[in-house]
Amino acid sequence: MTTEDREYVLGTHDAELRRLGFQHQVWAGPTVAAWERAGFAPGQRLLDVGCGPGYATFDLADLVGERGHVLGVDVSQRFVAHLDAERARRGHANVEARLQDLAALDVAPASVDGAWARWVLCFVRDPAAVTARVARALRPGGAFVVMDYVHYEGFALAPGGGAAARVISAVAESFRRAGGDPNVGQSVPAHMRDAGLVVESVESVVRAARPGTALWEWPWSFFRNFLPGLVAAGGLSAEDHAAFEREWAARADDPAAFLLTPPMVVVVGRKPR
Ligand SMILES: C[S@@+](CC[C@H](N)C(=O)[O-])C[C@H]1O[C@@H](n2cnc3c(N)ncnc32)[C@H](O)[C@@H]1O
């Protein structure tokens, strides 16, 4: 593991970069619905909080158009460099990438019309402080939209054999050890309220997937990348890992099997006018 990889519990290697792209496609529906609910629109200035390699950033840039602007902020040098290279390749004049820890986010007060944070607050040490910094950056009437886990261990693989539940618990524990909160969605509305935003909506997102679908592959693409390192770090026993791989392979061949994605919330908070 390089120094760069240690910036972030899931790592920033090539396979993770590709996984984030696949994940963005699989979750495009709820993502676009959240942006519509918030009123993201052409001509706006938006902030992509913890943008990663920029998969959502470029969709937001297409949404706001040439008259709009999207600033993506992330702590990972590798992801920000990827975003910047992609920006140059696509010739997107309305996208800007900034390398910054969200704990020190210093976007000019009242300078953006909206902000978006997906699967980011669950990894930061102080989500309330980050929410306050984002709220400061919003202009009156602007919306902060957060999509994040509300009950990570609510992931279910059915029929249940026990191995998947042990793996999910170990993953959640690893997020906590790294300073995150895998159930941060439960606190997001309160963080928004405390930051002076009006909580406009709280919607749940839980999806069922059957073997052979893209959504079925979504958790597997994560487990494949993450679990070997978790075993090497002592966060999961090799026996539990092997039992999980057997359980997953058996379910993948079972037409009666399905999974439930970890429950998430999409929260929209708006700065009063
Ligand atoms: C699961 S990825 C999600 C990326 C992107 N939001 C998306 O939905 O595709 C989490 C991202 O949060 C970033 N991140 C975690 N902690 C951060 C911090 N303290 N400051 C800035 N970015 C952070 C990571 O570098 C990573 O890019």
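Preceding this section is the structure that the text describes.
Definitions and limits used
Residues numbered from 1 in each chain as written. Predicted model: local features only at pLDDT ≥ 70, side-chain atom pairs only at ≥ 80, totals over all residues. Heavy atoms only, no water. Core = buried A, V, L, I, M, F, W, Y, C linked by side-chain atoms within 4.5 Å. Buried < 20%, exposed > 50% of the residue type's maximum accessible area, 1.4 Å probe, protein only. Helix = DSSP H or I, 4+ residues; strand = E, 2+ residues; numbered from the N terminus. Contact = heavy atoms within 4.5 Å. Phe/Tyr/Trp six-rings, centres within 6.5 Å; stacked < 30°, edge-to-face > 60°. Lys NZ or Arg CZ within 6 Å of the ring centre and 35° of its normal. Pairing = 2+ DSSP bridges. Axes fitted to C-alpha atoms, helices over the stretch in contact; angles between N-to-C directions. Expected span 1.5 Å × (residues − 1). Arc of directions from axis to C-beta. Lys, Arg positive; Asp, Glu negative; His and termini not counted. Salt bridge = Lys/Arg side-chain N within 4 Å of Asp/Glu carboxyl O. Polar contact = N/O pair within 3.5 Å; in protein donor to acceptor, adjacent residues only side chain to side chain. Right-handed = clockwise from strand over helix to strand, strands pointing away.

Here's the deal with the nonpolar core
Okay, so step 1: Core analysis: the biggest nonpolar cluster contains 83 residues, and Phe144 and Phe223 have the highest contact counts within it.
Okay, so step 2: In terms of residue count, the dominant contributor to this core is helix H8 (residues 214-232) (nine residues).
Okay, so step 3: Setting aside residues up to four positions removed in sequence, Phe144 forms contacts with Val49, Ala115, Trp116, Ala117, Thr131, Val134, Leu138, Met192, Leu197, Val267, Val268 and Gly269.

Description of the packing of aromatic side chains
Okay, so step 1: Here the structure, examined in full by the defined rule, presents 16 aromatic pairs.
Okay, so step 2: Measuring from centroid to centroid gives 5.6 Å for Trp35 and Trp116, while their planes differ by 85°, and the two rings are edge-to-face. Placement of Trp35 in helix H2 (residues 28-38) and of Trp116 in strand E4 (residues 112-118) is noted, with a sequence separation of 81 residues between them.
Okay, so step 3: Residue class for Trp116 comes out buried when judged on its relative accessible area of 1%.
Okay, so step 4: Here the aromatic residues Phe123, Tyr149, Tyr152, Phe155, Phe175, Trp216, Trp220, Phe222, Phe223, Phe226, Phe244 and Trp248 are joined through ring pairs into a cluster of three or more.
Okay, so step 5: Sitting over the ring of Phe58, Arg90 keeps its end group 4.1 Å from the ring centre.
Okay, so step 6: The ring of Trp27 carries the charged tip of Arg207 above its face, separated from the ring centre by 4.5 Å.

A closer look at the sheet that holds strand E5 (residues 138-149)
Okay, so step 1: With mixed pairing, seven strands are arranged side by side in an open sheet as E3-E2-E1-E4-E5-E10-E7. In the strand order of this sheet, the two ends are held by strand E3 (95-99) and strand E7 (198-205), each with one partner. Strand-to-strand, the axes of this sheet are offset by a mean angle of 15°, without reference to chain direction.
Okay, so step 2: As defined by bridge partners, E7 adjoins strand E10 (residues 264-270) across seven bridges and the pair is classed as antiparallel. Bridge pairing links Ser204 to Val265 in E10.
Okay, so step 3: Relative to E5, helix H5 (residues 127-137) is tilted by about 150°, and along the sheet it contacts strand E1 (45-49), E4 and E5.

Quick look at unusual backbone geometry
Peptide bonds are mostly trans, and most non-glycine residues show a negative phi.
Okay, so step 1: The omega torsion of the bond from Ala158 to Pro159 falls at -5°, within 30 degrees of zero and hence cis.
Okay, so step 2: Structurally, Pro159 can be placed in the loop between strand E6 (156-158) and helix H6 (163-177).
Okay, so step 3: In the Ramachandran plot, Ala110 falls in the positive-phi region, its phi being about 50° despite a non-glycine side chain.
Okay, so step 4: Along the chain, the position of Ala110 falls in the loop between E3 and E4.
Okay, so step 5: By relative accessible area, which is 43% here, Ala110 ends up partly exposed.
Okay, so step 6: Of note, the phi angle at Trp119 is positive, near 55°, even though the residue is not glycine.

Details of helix H9 (residues 238-252)
Okay, so step 1: Given a rise of 1.5 Å per residue, 15 residues ought to cover 21 Å, and the 21 Å separating the end C-alpha atoms of H9 matches this to within 8%.
Okay, so step 2: Listed as buried for H9 are His241, Ala243, Phe244, Glu247, Trp248 and Arg251. Angular distribution of buried residues about the axis of H9 spans 165°; they occupy a single face of the element. In H9, the exposed residues that point more than 90 degrees away from the buried face are Glu239 and Arg246.
Okay, so step 3: Buried-residue contacts for H9 involve E6, H6, H8 and strand E9 (258-260).

Describing the side chain of Asp148
Okay, so step 1: By the element assignment, Asp148 lies in strand E5.
Okay, so step 2: One buried charged side chain, Asp148, makes no salt bridge at all; its nearest oppositely charged neighbour is Arg118, positioned 9.3 Å away.
Okay, so step 3: A distance of 3.2 Å separates the side chain of Asp148 from the backbone nitrogen of Cys122, its partner in a polar contact.
Okay, so step 4: Leave out the neighbours within four places in its chain, and Asp148 touches Trp119, Val120, Leu121, Cys122, Val184, Met264 and Val265.

Examining the pairing of E1
Along a regular strand, successive side chains alternate from one face of the sheet to the other.
Okay, so step 1: Where burial is concerned, most of E1 is hidden: four out of the five residues are buried.
Okay, so step 2: The pairing of E1 with strand E2 (residues 69-74) spans five bridges and is classified as parallel. Residue Leu46 lies in a different strand from E2, and its bridge partner there is Val70.
Okay, so step 3: In terms of handedness, the path from E1 via helix H3 (residues 55-64) over to E2 forms a crossover that is right-handed.
Okay, so step 4: Bridging between E1 and E4 involves three bridges; their strand directions are parallel. Bridging from a neighbouring strand, Leu46 pairs with Gly114 of E4.

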